[in-house]
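Chain residues, written in single-letter form:
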Amino acid sequence: MLSREDFVFTIGYDGAAAVVDGQAKRRYGSLSTAELAEKGLFRAAYSSAVYSKDSGELQTVLNAYNKASGSSFTAASPLDRLFGVFPVTVKRSMTL
């Protein structure tokens, strides 16, 4: 299973490996879901919330995104498609 930081900053997949944005991981990897959302890093914040499986974190991201974008999503599920974030089972990562 990927670490939280690897999952949050995954930018794609190369076969069975997650491709991780190493620069973003180093810079923002220690931030919480709420802190990522506050910085406007919505994809990373949403990935963090998905990884945590915490409905409160999902709601935090949803509220922050709606406020910033003027959207009115009432459930987090449309964000899966919007940000391209889906739980995927991979065992290794490669950092770029």
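Reading guide: rules and limits
Residues numbered from 1 in each chain as written. Predicted model: local features only at pLDDT ≥ 70, side-chain atom pairs only at ≥ 80, totals over all residues. Heavy atoms only, no water. Pairing = 2+ DSSP bridges. Helix = DSSP H or I, 4+ residues; strand = E, 2+ residues; numbered from the N terminus. Axes fitted to C-alpha atoms, helices over the stretch in contact; angles between N-to-C directions. pLDDT = per-residue confidence, 0-100. Contact = heavy atoms within 4.5 Å. Polar contact = N/O pair within 3.5 Å; in protein donor to acceptor, adjacent residues only side chain to side chain. Phe/Tyr/Trp six-rings, centres within 6.5 Å; stacked < 30°, edge-to-face > 60°. Buried < 20%, exposed > 50% of the residue type's maximum accessible area, 1.4 Å probe, protein only.

### Quick notes on the sheet that holds strand 3 (residues 92–95)
Ordered in space as 1-2-3, the three strands form an open sheet in which the pairing is mixed. Single-partner strands in this sheet number two, and they are strand 1 (10–14) and strand 3. Adjacent strand axes in the sheet meet at a mean angle of 35°, parallel and antiparallel pairs treated alike. Pairing between strand 1 and strand 2 (residues 17–20): four bridges, direction antiparallel. Considered in strand 2, the bridge of Tyr13 is made with Ala18.

### Considering the confidence of the model for the protein
Looking at the protein, pLDDT values average 94 and 100% of them are 70 or higher. Put simply, helix 6 (residues 77–83) is where the protein has its lowest mean pLDDT, 91, and helix 3 (residues 33–38) is where it has its highest, 98.

### Re the environment of Asp21
Summarising the element assignment, Asp21 is placed in the loop between strand 2 and helix 2 (22–28). Along the sequence, Asp21 and Met94 sit 73 residues apart, while their C-alpha atoms lie 8.9 Å from each other. Not counting chain neighbours up to four residues away, the residues in contact with Asp21 comprise Phe9, Ile11 and Leu96. At 3.1 Å, the side chain of Asp21 forms a polar contact with the backbone nitrogen of Ala24.

### Digging into the packing of aromatic side chains
Per the stated rule, a full pass over the model turns up five aromatic pairs. Residues Phe42 and Tyr65 carry aromatic rings whose centres are separated by 5.6 Å and whose planes lie at 85° to one another, so their mutual orientation is edge-to-face. With Phe42 in helix 4 (residues 42–52) and Tyr65 in helix 5 (residues 55–69), this residue pair connects regions lying 23 residues apart in the sequence. By relative accessible area, Phe42 is classed as buried at 14%. When the centroid spacing of 6.2 Å and the interplanar angle of 25° are considered together, the rings of Tyr65 and Phe73 count as stacked.

### Focus: the environment of Ser3
Its place among the elements puts Ser3 in the segment before helix 1 (4–8). Here Ser3 falls in the partly exposed class, since its relative accessible area comes to 31%. C-alpha separation for the pair Ser3 and Val88, spaced 85 residues apart in sequence, amounts to 12 Å. At 3.1 Å, the side chain of Ser3 and the backbone nitrogen of Asp6 are in polar contact.

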